[in-house]
Amino acid sequence: MRLKDKVAIITGGTFGIGESTVRLFAREGAKVVIAARSVDKGTKLANEIKEEGGEALFVRTDVSKEEDVINLVKQTVDTYGKLDIMFANAGIGDMQDLADCTLEEWNRTISVDLTGVFLCNKHAIQEMEKNGGGSIINCASILGHVGQVSVSAYAAAKGGVVNMTRAAAVTYANRGIRVNAVCPGYIDTPILDDTPKEVLDSLVSMVPAKRLGKPEEVANCVLFLASDESSFVTGANLLVDGGYTAQ
Ligand SMILES: NC(=O)c1ccc[n+]([C@@H]2O[C@H](COP(=O)([O-])OP(=O)(O)OC[C@H]3O[C@@H](n4cnc5c(N)ncnc54)[C@H](O)[C@@H]3O)[C@@H](O)[C@H]2O)c1
């Protein structure tokens with residue numbers, strides 16, 4: 001087991017990439033803390049993992065609210081005694097031309113996709129420092145590296161996550177805390193539910209692998225970055241995109 005006795009928080013852990021990572025981490029021996037807004041789904045998933053012999057806790061969390069993130073880290077430490085891994089995965093999409101994006105919509109996307117990641121990093125690092133180290137994995141995107149038509153706040157947030165990851169990695173490298181990011185390409189999860197089929201088909205046609213990625217394929221990369229196998233990897237932005245950004 002690659003995460004035996006490690007304590008891991010996974011935000012947005014009830015759907016898509018987060019849910020796949022929760023299930024994988026539990027199979028690899030981690031005590032998983034599922035942080036999400038949906039109480040029904042989060043409780044059900046935690047119970048399922050416990051029935052399968054794993055350890056899981058659900059903590060209702062809106063990552064854009066600092067009091068929720070503080071409570072999340074506190075409940076994790078109160079229950080399991082420490083925090084080893086933070087996967088700051090929760091995110092929301094947006095799809096509109098920059099000039100049509102209202103300030104309210106801009107703030108909504110930034111508050112989850114950038115501020116939420118900042119808050120999860122900040123409060124995880126404070127706890128990890130007490131414990132001698134840890135591993136943080138942020139969920140960025142190919143859209144933190146390249147542009148796409150009709151994406152504005154999302155691209156700004158993900159670009160921010162990419163470089164915040166590097167800066168945090170440099171700051172905490174000598175304190176045993178590694179900070180990396182995964183940068184998924186187009187992955188088959190509910191976040192793409194509102195993307196019109198013709199848009200999706202045209203995006204897939206631009207991916208060298210000619211298909212959408214699977215959430216499990218991202219979760220496997222998160223596992224590598226979370227585990228001690230990546231002990232000398234920090235500040236990396238691991239592209240998981242079927243070759244999209246290599247073109
Ligand atoms: N699917 C893709 O094509 C793709 C591509 C690049 C990056 N990503 C990123 O991957 C991450 C996971 O997305 P996904 O594809 O699994 O989508 P998803 O919609 O299936 O999952 C997102 C999760 O985040 C949660 N969430 C949203 N706002 C939240 C908040 N304020 N507080 C707590 N939880 C919140 C949702 O409830 C959900 O569980 C996101 O950061 C997303 O931007 C996804």
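Heads up: the structure comes first, above all this text.
Everything in this summary refers to the structure shown in the same document. Since the model is a prediction, treat every value here as computed from it, not as a measurement.

Below, the discussion takes up the side chain of Glu28. With respect to the element layout, Glu28 can be found in the loop between α1 (16-27) and β2 (31-36). Although buried, Glu28 forms no salt bridge, and the nearest oppositely charged side chain, Arg2, lies 4.7 Å from it. At 2.8 Å, the side chain of Glu28 and the backbone nitrogen of Arg2 are in polar contact. If near-sequence neighbours (up to four positions away) are discounted, Glu28 is found in contact with Met1, Arg2, Leu3, Lys4 and Leu223.

Turning next to the site of the ligand. Looking at the ligand, there are 27 residues lining it, with Ile17, Asn89, Tyr154, Ile187 and Thr189 nearest. In the model, an oxygen atom of the ligand is placed 2.8 Å from a nitrogen or oxygen of the Ile17 main chain. Taking Tyr154, its side chain carries an N or O atom lying 2.6 Å from an oxygen atom of the ligand. Looking at the shell around the ligand residue by residue, the class counts come to 15 nonpolar, 9 polar and 3 charged.

Taken as a whole, helix α6 (residues 197-205) has its buried residues at Leu200, Leu203 and Val204. All buried residues of α6 project into a common sector of 100° when viewed along the axis, lining one side.

Tracing the sequence through the fold places Arg108 in helix α4 (residues 103-130). Taking relative accessible area as the criterion, Arg108 reaches 51% and is therefore assigned exposed. Each C-alpha atom of the pair Arg108 and Gly18 lies 20 Å from the other, and the pair is 90 residues apart in sequence.

Across its 12 residues, helix α7 (residues 215-226) extends 16 Å between first and last C-alpha, which sits within 8% of the 16 Å expected from 1.5 Å per residue. Where α7 is buried, its residues touch α1, β4 (85-88), β5 (134-139), β6 (177-184) and β7 (237-240).

A cluster of acidic residues, Asp97, Asp100, Glu104 and Glu105, forms a negative patch at the surface. Inspection of the secondary structure puts Glu104 in helix α4.

A separate point is unusual backbone geometry. Where the residue is not glycine, phi is negative for most of them; where a peptide bond is considered, it is trans in most cases. A positive phi angle is found at Ser150, which is not glycine, with a value near 65°. Within the secondary structure layout, Ser150 lies in the loop between β5 and α5 (153-172). The class for Ser150 is partly exposed, based on a relative accessible area of 21%. Despite not being glycine, Lys210 shows a phi value in the positive range, around 55°.

A separate point is the packing of α4 against α5. Two numbers describe how α4 lies on α5: the axes approach to 8 Å, and their chain directions differ by 15°. When the interaxial angle is binned, α4 and α5 end up roughly parallel. As α4 runs across α5, the sense of the crossing is right-handed. Each of Trp106, Thr109, Ile110, Asp113, Leu114, Val117, Phe118, Asn121, Ile125 and Glu129 in α4 lies in contact with α5, whose residues at this interface are Ala153, Tyr154, Ala156, Ala157, Lys158, Gly160, Val161, Met164 and Tyr172. Tallied by class, the residues present in the contact of α4 with α5 amount to 13 nonpolar, 3 polar and 3 charged.

So, about the environment of Asp40. If you trace the backbone, Asp40 turns up in helix α2 (residues 39-51). Exposure remark for Asp40: the relative accessible area of 67% places this residue in the exposed category. Put simply, Asp40 and Thr14 are 26 residues apart on the chain and 9.6 Å apart in space, counted from C-alpha to C-alpha.

Reading the values: the criteria
Residues numbered from 1 in each chain as written. Predicted model: local features only at pLDDT ≥ 70, side-chain atom pairs only at ≥ 80, totals over all residues. Heavy atoms only, no water. Helix = DSSP H or I, 4+ residues; strand = E, 2+ residues; numbered from the N terminus. Buried < 20%, exposed > 50% of the residue type's maximum accessible area, 1.4 Å probe, protein only. Lys, Arg positive; Asp, Glu negative; His and termini not counted. Salt bridge = Lys/Arg side-chain N within 4 Å of Asp/Glu carboxyl O. Polar contact = N/O pair within 3.5 Å; in protein donor to acceptor, adjacent residues only side chain to side chain. Contact = heavy atoms within 4.5 Å. Near = heavy atom within 4 Å. Nonpolar A, V, L, I, M, F, W, Y, C, P; charged D, E, K, R; others polar. Arc of directions from axis to C-beta. Expected span 1.5 Å × (residues − 1). Patch = residues over 30% accessible without salt bridge, like charges linked within 9 Å, V, L, I, M, F, W, Y side chains within 5 Å. Areas by Shrake-Rupley, 256 points an atom, 1.4 Å probe, with all protein chains shown as cover. Charge placed at Lys NZ, Arg CZ, Asp CG, Glu CD. Axes fitted to C-alpha atoms, helices over the stretch in contact; angles between N-to-C directions. Parallel < 35°, antiparallel > 145°, perpendicular 65-115°, else oblique. Left-handed = near helix turned anticlockwise from the far one by under 90°.

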